[in-house]
2 protein chains.
Amino acid sequence: MGKDGAIPTGASSPVDETGSTTMRTAETLLRILPMALCVAALVIMLKDSETNDYGSLSYSDLGAFRYLVHASGVCAGYSLLSAVVAAVPRRSTMSRAWAFFLLDQLLTYMILAAGAISTEVVYLAYKGDASITWSKTCGSFEGFCRKATASVSITFIVTLCYAGLSLISSYRLFSKYDAPVAYSPNNNGIEVTTFQA
Amino acid sequence: MGKDGAIPTGASSPVDETGSTTMRTAETLLRILPMALCVAALVIMLKDSETNDYGSLSYSDLGAFRYLVHASGVCAGYSLLSAVVAAVPRRSTMSRAWAFFLLDQLLTYMILAAGAISTEVVYLAYKGDASITWSKTCGSFEGFCRKATASVSITFIVTLCYAGLSLISSYRLFSKYDAPVAYSPNNNGIEVTTFQA
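Cut-offs applied
Residues numbered from 1 in each chain as written. Chains lettered and ligands numbered in written order. Predicted model: local features only at pLDDT ≥ 70, side-chain atom pairs only at ≥ 80, totals over all residues. Heavy atoms only, no water. UniProt positions renumbered as here; feature names shortened; annotations may be inferred. Pairing = 2+ DSSP bridges. Helix = DSSP H or I, 4+ residues; strand = E, 2+ residues; numbered from the N terminus. Disulfide = S-S within 2.5 Å. Buried < 20%, exposed > 50% of the residue type's maximum accessible area, 1.4 Å probe, protein only. Core = buried A, V, L, I, M, F, W, Y, C linked by side-chain atoms within 4.5 Å. Contact = heavy atoms within 4.5 Å.

Under an unreviewed UniProt entry, the name given to chain A is CASP-like protein, and the organism recorded is Phtheirospermum japonicum. Regarding chain A, the relevant UniProt record gives this comment under Subcellular location (unreviewed entry): "Cell membrane". The record held by UniProt for chain A lists under Subunit (unreviewed entry) the comment "Homodimer and heterodimers."

In structure tokens:
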């Protein structure tokens, strides 16, 4: 809110422009980063197979790891696509903000679930479970478990990126529901400004 | 935006009041529902143990189910507390909106992860995994698996409730960053209204 009293309708102030460009760049980078990480998690998991005296084990033998591969693939594709869309300087429409918001939320939940179930399988493979006679697979397939752990760890970094993206896209969506007046940190309540229509 | 041109600073219109009351009631109910569901999931899981000719199996033998119990407990407690806070008609402050937003997000991720890893364990218990010699536990402990499935299903309904709550709390938080001018569906761009400070 400048001291000038009024900002012309339909025009953005230079501060808004700079802020918007910085935010757009940050968002684009935050979308490219999980793309790279997803591809890394995907490749590590796809190459994860071990054959030794005990037999052979591949990622595709475990449903959780297959789901991780699919989720990482979808996530990499969406990240690339959304990075391209986010990079283009264009007036953000309401439907676009809703699409970003819903898809970002969905991807966050999807990739979090993939990380969680794969963590559980890795945990069971390391520790086993005596009460239901599930053996400690990692004792015989150490290399397999190491690679799986690496892939799962990367997936959790992707989840953090997506949690951040969800925050950004919900800010972009819900701040649209009001006119863009700068938030004053001195006012903690809902601010109703005197204005002229 | 009324036809009067100006709304007095610090006062809400009657429409805002009604909308706010309806939304507060909806939010309170949406917080009480997962509380009840969390308690149900918790109780079912806590009572989930079976002893038969093959031996005995309890929820506490599986790390994933122990995590589900803890997550459900925390979720029930938070849901009750937040329902009470949300029910009190009070001017929403910025710090309160941030607290609700962050905690709702955190709880959503926590309960989703609990549901996901428990689903994986139930899946493995039903299907087993021949390649890593994990047996189909549910063949011998059918009752145990049925109860676990019920508890996990309830957890997923809780997750849906929390996804909704996350949406509400992010709306409440981020719509504060601008003055509360009603969104016009005809204008799809960012609206900069002429106003007087």
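A. Up close: the pairing of strand β1 (residues 49–52) of chain B. Pairing geometry for β1(B) and strand β2 (residues 55–58) of chain B, over four bridges, is antiparallel. By the bridge assignment for β2(B), B:Thr51 is matched with B:Ser56.

B. Just the state of the cysteines, in detail. Residue and element names in this part refer to chain A. The final tally for this structure, using the stated rule, is two disulfides over all chains. Here Cys138 is linked by a disulfide to Cys145, with a sulfur-sulfur distance of 1.8 Å. What sets the handedness of the Cys138 and Cys145 disulfide is the S-S torsion sign, and at about -85° it is left-handed. Classification of Cys138 as buried rests on a relative accessible area of 5%. Just so you know, Cys38 is unpaired, no disulfide at all, and the nearest cysteine sulfur is the one on Cys75, 3.1 Å from it.

C. Region of the structure containing the nonpolar core. Counting residues in hydrophobic clusters, the biggest one holds 83 residues, and the most contacted among them are A:Phe65 and B:Phe65. When contributions to this core are tallied by element, the ones reaching two or more residues are α1 (14–46), α2 (63–87), α3 (94–127) and α4 (142–174) of chain A together with α1 (14–46), α2 (63–87), α3 (94–127) and α4 (142–174) of chain B. In this structure B:Phe65 touches B:Met45, B:Tyr59, B:Ser118, B:Val121, B:Val122, B:Phe144 and B:Ala148, once residues within four positions along its chain are discounted. If you look at the next biggest cluster of nonpolar residues, it comprises 10 residues, including A:Ala97, A:Leu173, A:Phe174 and B:Ala97.

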